[in-house]
Amino acid sequence: MAGIAKIAGVVVGAIPPNAQTGTTYTLVIADANKLVTLSNAAAITMTVPPNSSVAFPIGTRLDLAQIGAGQVTVAQGAGVTVNATPGLKFRAQYAGATLIKTGTDAWLLFGDLAA
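Model, not experiment: these values are computed from the prediction.

**Student:** Mind laying out unusual backbone geometry, listing which residues take part and the relevant values?
**Tutor:** The omega torsion across Thr-85 and Pro-86 is 5°, close enough to zero to call that bond cis. Note on placement: Pro-86 falls in the loop between β9 (81–83) and β10 (89–90). Phi at Asn-33 is positive, roughly 60°, even though this residue is not glycine. Mapped onto the secondary structure, Asn-33 falls in the loop between β4 (24–26) and β5 (35–38). Note on Asn-33: relative accessible area 53%, which makes it exposed.

**Student:** Lay out the nonpolar core in plain terms, naming residues and giving numbers.
**Tutor:** Residues Leu-27, Met-46, Val-48, Leu-99 and Leu-109 are the most contacted members of the largest nonpolar core, which totals 24 residues. Among the secondary structure elements, those contributing two or more residues to this core are β5, β6 (44–48), β7 (61–66), β8 (72–76), β11 (96–103) and β12 (106–111). For this core, the element with the highest residue contribution is β6, accounting for three residues.

**Student:** With reference to specific residues and values, describe the pairing of β5.
**Tutor:** Strand direction decides the pairing type here: strand β3 (residues 18–20) and β5, joined by three bridges, are parallel. Counterpart to Asn-18 in the pairing with β5 is Val-36. Alignment of β5 against β7, held across four bridges, turns out to be parallel. When the sheet's bridge partners are listed, Leu-38 is paired in β7 with Gln-66.

What counts and how
- Residues numbered from 1 in each chain as written.
- Predicted model: local features only at pLDDT ≥ 70, side-chain atom pairs only at ≥ 80, totals over all residues.
- Heavy atoms only, no water.
- Helix = DSSP H or I, 4+ residues; strand = E, 2+ residues; numbered from the N terminus.
- Buried < 20%, exposed > 50% of the residue type's maximum accessible area, 1.4 Å probe, protein only.
- Core = buried A, V, L, I, M, F, W, Y, C linked by side-chain atoms within 4.5 Å.
- Pairing = 2+ DSSP bridges.

What follows is the structure, encoded as structure tokens:
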């Protein structure tokens, strides 16, 4: 992989995940092209903000992982459309998904999802 080197068994140049442990989280520009982990025993709502609040460039990718038992639901901020099937919830603990920005306020979510 470009930009990543391994020196004495240690990965150099990797970006650490943004570990979130609350029951709500709204994505920020620093999450762009990174892994966001979501961990709580209770349900978690992760919000995709409108472009007017956080202007992610089109094509931005965000990897997401539900680490805790609390089910993650992806919420659409004002005017935001997140296209996914079968729904906007993570299926179970350790489920992963990817968000890709496809338009000004349009996103595609795919991965281990539930209705």
